[in-house]
Amino acid sequence: LAVGFVPDRNVAMFLALLNGNGQVVDFLRLTNLLERNEAHRAKDIALLQRFILRTRPVVIAVTANGREALSVCDSMKMCVSRLEQEHQMAPIVTELVSGEVATVFERSSRGEAEFRDYNELLRHAVSLGRRLQDPLAEFCYLAEDDDELLCLKLHDLQIDLPKDELLQALHVELVNRVNEVGVDINKGVAFRHWSSQLRFVGGLGP
């Protein structure tokens with residue numbers, strides 16, 4: 001279960017539930033979780049608890065988007081704690097996950113093509129969940145567009161490198177990591193976001 005939000009109480013947050021293959025099986029829209037008014041927050045807390053109880057996620061990923069991310073994490077942990085006590089649920093880990101790749105994906109042509117009916121925050125949540133499931137697959141998916149790959153801020157001095165040199169270095173690193181980890185060919189054939197790893201297999205990639 002992944003949570004996408006912006007630190008603005010006037011903008012709804014979205015939660016995307018993914019299966020083991022990174023496919024969306026359900027989602028939830030919450031409008032008041034960042035509210036300071038406890039009565040308003042209570043409505044979203046109740047919705048969230050029912051959603052978690054019904055779907056039983058293994059882990060909850062919250063985008064590390066400002067200080068509000070800590071408040072969102074605390075809300076998730078509180079809901080999980082209540083459910084563990086009241087319904088004997090198995091423990092669910094809540095993690096802060098960098099949203100840098102997800103922010104690029106939510107506005108990309110890939111994101112629009114794959115999730116045409118989703119808004120940007122829901123796409124963000126999907127990418128965030130996929131990154132937690134398989135970071136390498138999500139970085140390779142990002143690398144389908146060179147300009148998007150160059151959006152990653154990996155070092156303060158990377159702007160001093162020529163773009164072609166930086167891009168080549170990033171491609172070499174992806175080739176090294178993909179060949180070190182390996183690729184599930186069946187998943188690559190079956191699922192669009194997994195297939196990007198295949199181009200970085202030794203002898204096939206850039």
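Scroll up to find the structure.
Residues numbered from 1 in each chain as written. Predicted model: local features only at pLDDT ≥ 70, side-chain atom pairs only at ≥ 80, totals over all residues. Heavy atoms only, no water.

Engineer: Help me out: how do you make sense of the packing of aromatic side chains in this one?
Structural biologist: In total, this model carries 4 aromatic pairs according to the counting rule given. Seen from their ring centres, F115 and Y118 are 5.0 Å apart, and the 15 degrees between their planes marks the pair as stacked. Residue classification places F115 among the buried positions, given a relative accessible area of 9%. Grouped by ring-pair contacts, the aromatic residues F27, F105, F115, Y118 and Y141 constitute a single cluster. Above the plane of the ring of Y141 lies R110, whose end atom (NZ or CZ) is 4.5 Å from the centre. (Phe/Tyr/Trp six-rings, centres within 6.5 Å; stacked < 30°, edge-to-face > 60°. Buried < 20%, exposed > 50% of the residue type's maximum accessible area, 1.4 Å probe, protein only. Lys NZ or Arg CZ within 6 Å of the ring centre and 35° of its normal.)

Engineer: I would appreciate a short explanation of the pairing of strand β5 (residues 93-97) in the present structure.
Structural biologist: Successive side chains on a regular strand alternate, one facing one side of the sheet and the next facing the other. In the sheet, strand β4 (residues 59-63) pairs with β5 via 5 bridges, with the strands oriented parallel. Bridge pairing in β5 links V62 to L96. Note that the unit made of β4, helix α2 (residues 68-87) and β5 has a crossover that is right-handed. (Pairing = 2+ DSSP bridges. Helix = DSSP H or I, 4+ residues; strand = E, 2+ residues; numbered from the N terminus. Right-handed = clockwise from strand over helix to strand, strands pointing away.)

Engineer: Would you mind going over helix α5 (residues 120-133) with me for this structure?
Structural biologist: Because an α-helix completes one turn every 3.6 residues, residues spaced three or four positions apart along the sequence face the same direction. Between its first and last C-alpha, α5 extends 20 Å over 14 residues, near the 20 Å set by a 1.5 Å rise per residue. Taken across its 14 residues, α5 has 11 buried, putting it largely inside the fold. By the burial criterion, the buried members of α5 are L121, L122, R123, H124, A125, V126, S127, L128, G129, R130 and R131. Where α5 begins, one side-chain oxygen reaches toward the backbone nitrogen of L121, 3.3 Å away; that side chain belongs to N119. (Expected span 1.5 Å × (residues − 1). Polar contact = N/O pair within 3.5 Å; in protein donor to acceptor, adjacent residues only side chain to side chain.)

Engineer: Hey, could you run me through helix α1 (residues 38-55) in this one?
Structural biologist: Compared with the 26 Å implied by 1.5 Å per residue over 18 residues, the 25 Å span of α1 between its first and last C-alpha is a close match. Listed in full, the buried residues belonging to α1 are R41, D44, I45, L48, Q49, F51, I52 and T55. One side of α1 holds all its buried residues, which, seen down the axis, span an arc of 165 degrees. Those residues of α1 that are exposed and aimed more than 90 degrees away from the buried face are K43, R50 and R54. The elements touched by buried residues of α1 are β2 (13-18), β3 (24-30), β4 and α2. The opening residue of α1, the one whose side-chain oxygen lies 2.9 Å from the backbone nitrogen of A39, is N37. R56 lies just past α1 and shows a positive phi near 50 degrees. (Arc of directions from axis to C-beta. Contact = heavy atoms within 4.5 Å.)

Engineer: Is there a simple way to explain the nonpolar core in this structure?
Structural biologist: Note on soluble globular proteins: their nonpolar side chains tend to be buried together. The biggest cluster of nonpolar side chains holds 25 residues, and the ones touching the most others in it are M13, L15, I52, I60 and M76. Put simply, the parts of the chain that give this core at least two residues each are β2, β3, α1, β4 and α2. Here I60 is in contact with L1, V3, I52, M76, V80, I92, V93, T94 and E95, once residues within four sequence places are set aside. Counting residues in each nonpolar core, the second largest holds 17 residues, with A61, L121, L122 and Y141 among its members. (Core = buried A, V, L, I, M, F, W, Y, C linked by side-chain atoms within 4.5 Å.)

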